[in-house]
Amino acid sequence: MAAGVLSFPLTSFHDDGSLDPDGFRTHVTAQIATAPGAVFPACGTGEFFSLDEDEYRQVVTLAVEAAAGRIPVVAGVGYGWAQAARFARIAEEAGADALLVLPHYLVAAPQDGLVAQLERLAARTRLPLIAYQRGQVAYTASSLRRIAAIPGVIGLKDGHSDLDRLQRLTLAAPEGFLFFNGASTAEIQARAYATVGVPAYSSAVHAFAPEIANAFFGALKDGDDKAVEKLLRDFYVPFVELRDRVPGYAVSLVKAAARLRGRPVGSVRAPLTDPSAADLADLTALLTAGLDLVGAAL
């Protein structure tokens, strides 16, 4: 999966808020055509939290069909372990290759409970599991050793960006255990994550501007610091500043950018909201400038 940007496709909705399978098929097929390292349907960027089980089945099935065995399909699952197991069965039936276990719902939990959550889910699916720590989920080095020993748990995606803690986790992990940078707009911290042994990262930007995402990935891989810093300074940092204006923009701003490029993704579902007219104007200008940096056009 470290061979390319990890793609987290958006879930397409019609104007009335219903699922748009044709729009999603078009979007995810276009994403896969840009050669990501893997595709992660129905995760945070794909609004897993707003999908019912039938919609989830359609989204994962369409992603599997579009991937056609060329790259791994890792579907999101979440809530408590019992509900996560229901989604896991659906993903397994749809042909997914692995599961990303999103943080459980609402409550804080002790380390024993975090481990038990994965134990119970792993016992109910044949698919490999990648744990995702962010929000109320944060593993200690001791817990990392325990979850890595659970049959089927193959990796950890980190969204906390605590590099001291993350270094302790990578050192505690067995050989071959996978780690992913899952910070919001992960490119901002990609170099820092790589220094603690975590080069693979997810990219929300890939969902609307794979040209920018792949140019950054290539520059990072080639050690072209000048190109990396130009993209960070002139696109990624301003994008993060725009993203941070309103809660939920980590998803709704990405969807708005995809719509600006003619992608059939529709609007976000409540409780998220679409960007304001002023923020959309700023996004348009920034996206135009970012694409110009890599020789592409809106």
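These remarks concern the structure in this document.

Cut-offs and rules
Residues numbered from 1 in each chain as written. Predicted model: local features only at pLDDT ≥ 70, side-chain atom pairs only at ≥ 80, totals over all residues. Heavy atoms only, no water. 1 Å grid on protein atoms, 1.4 Å probe; cavity = no way out; pocket = protein on both sides within 12 Å on 5 of 7 lines; lining within 4 Å. Points joined across faces, edges and corners; volume = space filled by probe spheres on them. Helix = DSSP H or I, 4+ residues; strand = E, 2+ residues; numbered from the N terminus. Buried < 20%, exposed > 50% of the residue type's maximum accessible area, 1.4 Å probe, protein only. Contact = heavy atoms within 4.5 Å. Nonpolar A, V, L, I, M, F, W, Y, C, P; charged D, E, K, R; others polar.

## Topic: empty space enclosed by the protein
Empty pockets left among the atoms are what a rolling probe the size of a water molecule brings to light.
Then step 1. Throughout the structure, instances matching the rule amount to one cavity of 30 Å³ or more.
Then step 2. Of the pockets and cavities examined, the largest cavity occupies roughly 80 Å³.
Then step 3. Along its surface, the largest cavity is lined by Val101, Leu102, Pro103, His104, Leu114, Gln117, Leu118, Ala131, Tyr132, Val137 and Tyr139.
Then step 4. Elements with a minimum of two residues in the lining of the largest cavity: helix 4 (111-122) and strand 5 (129-133).

## So, the environment of Val198
Then step 1. For Val198, the location among the structural elements is in the loop between helix 7 (190-195) and strand 8 (202-203).
Then step 2. For Val198, a relative accessible area of 1% puts it in the buried group.
Then step 3. Measuring from C-alpha to C-alpha, the distance between Val198 and Arg25 comes to 31 Å, with 173 residues separating the pair along the chain.
Then step 4. Each residue touching Val198, except ones within four places of it in the same chain, is listed here: Leu166, Thr170, Phe179, Phe180, Asn181 and Tyr193.

## A few points about the layout of surface pockets
Then step 1. Roughly 730 Å³ of internal volume is contained in the largest pocket.
Then step 2. In terms of lining residues, the largest pocket is bounded by 34 residues, among which Gly44, Thr45, Phe49, Tyr132 and Arg134 are the most central.
Then step 3. For the lining of the largest pocket, the secondary-structure elements that each account for two or more residues are strand 8, helix 9 (225-243) and helix 10 (249-260).
Then step 4. Looking at the lining of the largest pocket element by element, the count peaks at three residues for helix 10.
Then step 5. Within the lining of the largest pocket, the residues separate by chemical class into 20 nonpolar, 11 polar and three charged.

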